[in-house]
Amino acid sequence: MTDLWREELIPVNPFSRPGTPIRAIRNIVIHYTANPGASASAHVRYFGQTLARQDPNDSTPDRYASAHLFVDPGEAVLIIPLNEMAYHASQANPYSVGVELCIESDGTFHPETVRRAAKIVAELCRKYGLNPLRDVIRHYDVTGKICPKPYVIDPWAWQAFRELVDRIMKGKESEETVKLEQWQWKMLGDALDGLYRKTTSGELPGGITDYRWAEKAYKGELTADELAWLNMIVFARQQGIQV
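The shown structure was predicted, so the numbers you read here are calculated from the model rather than taken from an experiment.

Criteria and thresholds
Residues numbered from 1 in each chain as written. Predicted model: local features only at pLDDT ≥ 70, side-chain atom pairs only at ≥ 80, totals over all residues. Heavy atoms only, no water. Salt bridge = Lys/Arg side-chain N within 4 Å of Asp/Glu carboxyl O. Buried < 20%, exposed > 50% of the residue type's maximum accessible area, 1.4 Å probe, protein only. Axes fitted to C-alpha atoms, helices over the stretch in contact; angles between N-to-C directions. Helix = DSSP H or I, 4+ residues; strand = E, 2+ residues; numbered from the N terminus. Parallel < 35°, antiparallel > 145°, perpendicular 65-115°, else oblique. Left-handed = near helix turned anticlockwise from the far one by under 90°. Contact = heavy atoms within 4.5 Å. Polar contact = N/O pair within 3.5 Å; in protein donor to acceptor, adjacent residues only side chain to side chain.

*Asks:* Just to check I follow, could you spell out the pattern of salt bridges for this structure?
*Replies:* Between side chains of opposite charge, a pair can form when the charged atoms approach closely. One pass over the full model with this rule turns up 10 salt bridges. A salt bridge links Arg-6 to Glu-8, with the shortest nitrogen-to-oxygen separation between them at 2.7 Å. On the accessibility criterion, Glu-8 (35% relative accessible area) is partly exposed. With its nearest N and O atoms 3.0 Å apart, the salt bridge here joins Asp-166 to Lys-170. Residue classification places Asp-166 among the buried positions, given a relative accessible area of 14%.

Structure (structure tokens):
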């Protein structure tokens, strides 16, 4: 048992929990839910009820999909035992654990979702003797699917996530602020100020709507995790990408 997640196991069924044993875990595969604003609990209901109750004999095409864990800012839920296969990454299903990160209404990862997921992935790496810088991979790395999209469009943020997992495993997780020069903090603050103004004016949908991010930058108080999250948003908007 762990306090990192709660269990709400879905019933064994052909579509989302086949009940197939996993013999060995070689990878942790990271996904995003692609369902803006939906919580971990909402996905439990979808995979445990909506998908599980499909009728293979009707004319509607059936969907086969699932993951082991779903993570949002407030909690994480395990819906399939870690020693059973989930339908989440095609050919990697028989030897991997799937972790889905819920996204906010604007398509980004909340910093608390990232931190919670990193702690969970670190625990899984310890459990299975995995190296987070090598064995923690994206769905994209398996099949080429743009998933998790925020970590595909911004490889820097993806590397920052894996490095956070590595620090947690080494007991070096820190909430200390990033060490930048004063002029760098001002440049970052100006960029976030501009992004905030464009977002709230409607000129640039999907940016940031909380001015406190710019204030924290001007004060030099952003942590590494917060900066990684903000960098992901700024990068996406500069590229004209809706996450």
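The structure having been displayed, the exposition proceeds.
*Asks:* I would appreciate a short explanation of the packing of helix α2 (residues 111–128) against helix α6 (residues 155–169) in the present structure.
*Replies:* Packed helices, taken two at a time, are described by their axes: the angle between them and the distance between them. Relative orientation of the contacting elements α2 and α6 amounts to 60°, with a least axis distance of 9 Å. If you check the angle between α2 and α6, you find them oblique. By crossing handedness, the relation of α2 to α6 is classed as right-handed. Across from Val-114, Ala-117, Ala-118, Lys-119, Val-121, Ala-122, Cys-125 and Arg-126 in α2, the residues of α6 making contact are Phe-161, Leu-164, Val-165, Ile-168 and Met-169.

*Asks:* Quick question: what am I supposed to make of the side chain of Glu-100 here?
*Replies:* Mapped onto the fold, Glu-100 is located in strand β5 (residues 96–101). Among the polar contacts made by the side chain of Glu-100, one reaches the main-chain amide nitrogen of Thr-33 at a distance of 3.3 Å.

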